[in-house]
Amino acid sequence: MGPPRHSVSVAGAVVREDGRLLAIQRADNGAWELPGGVLELEESPQDGVRREVFEETGILVDVSQLTGVYKNLTAGVVALVFRCKPTGGTERTSEESTAVAWLTPEGVAAQMSEVFAIRLLDALDEDGPHVRSHDGKHLVQAR
């Protein structure tokens, strides 16, 4: 048995000037999440965020800062979330998204599972970056 294998994903917590947050409804399972995906081997985390946000939503972004690191203990996925500012583009769906919306923080909490809502809400907190673990459905407290 070799060393544990992990996958690294990136996501953009895109915050508009009015405080609304960009979210997608995933095509594969209908869940609302922030745009993101697996980081390509040759790209930087910031380039990966720009690519993923544009591919899934049509929105161009400036990536500002890391706001959180989230590990799915069950799947071995480590997600890096970056606060972003929209700079252009037009909202559109993709093969990976059936809806694109700008949600209020209250809407995020109502529409998303806790393991994805916390990523967007953490991005609004200036005290980050936050480091959290979850089992795929619920946050797990650090020991």
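Right above here is the structure, for reference.
In this report, the structure presented in the accompanying data block is examined. The structure presented is a predicted model; accordingly, all values stated were derived computationally and were not measured. (Residues numbered from 1 in each chain as written. Predicted model: local features only at pLDDT ≥ 70, side-chain atom pairs only at ≥ 80, totals over all residues. Heavy atoms only, no water.)

**Topic: the sheet that holds strand β3 (residues 32-33)**
The strands making up a sheet associate through backbone hydrogen bonding, with each pair oriented either parallel or antiparallel. Taken in spatial order, the three strands line up as β3-β2-β7 in an open sheet, and their pairing is antiparallel. Two strands in the sheet have a free side with no partner beyond their single neighbour: β3 and β7 (97-103). Here strand β2 (residues 21-26) runs beside β7; their pairing, made up of six bridges, is antiparallel. Following the sheet pairing, Leu22 is matched in β7 by Trp102. Strands in contact with helix α1 (residues 45-57) are β2 and β7; relative to β2, the strand with the most contacts, it is inclined by about 60°. (Pairing = 2+ DSSP bridges. Helix = DSSP H or I, 4+ residues; strand = E, 2+ residues; numbered from the N terminus. Contact = heavy atoms within 4.5 Å. Axes fitted to C-alpha atoms, helices over the stretch in contact; angles between N-to-C directions.)

**Quick word on unusual backbone geometry**
The step from Gly128 to Pro129 runs through a cis peptide bond, and the omega angle for that step is 5°. Mapping Pro129 onto the fold places it in the loop between α3 (114-123) and β8 (130-134).

**Let's talk about the sheet that holds strand β9 (residues 139-140)**
Pairing within the open sheet is mixed, and its six strands lie in the order β4-β1-β6-β5-β8-β9. For this open sheet the edge positions go to β4 (36-38) and β9, each flanked by a neighbour on one side alone. Sheet topology places strand β5 (residues 59-72) next to β8; five bridges connect them, and they run parallel. Along β8, the bridge assignment pairs Lys71 with Ser133.

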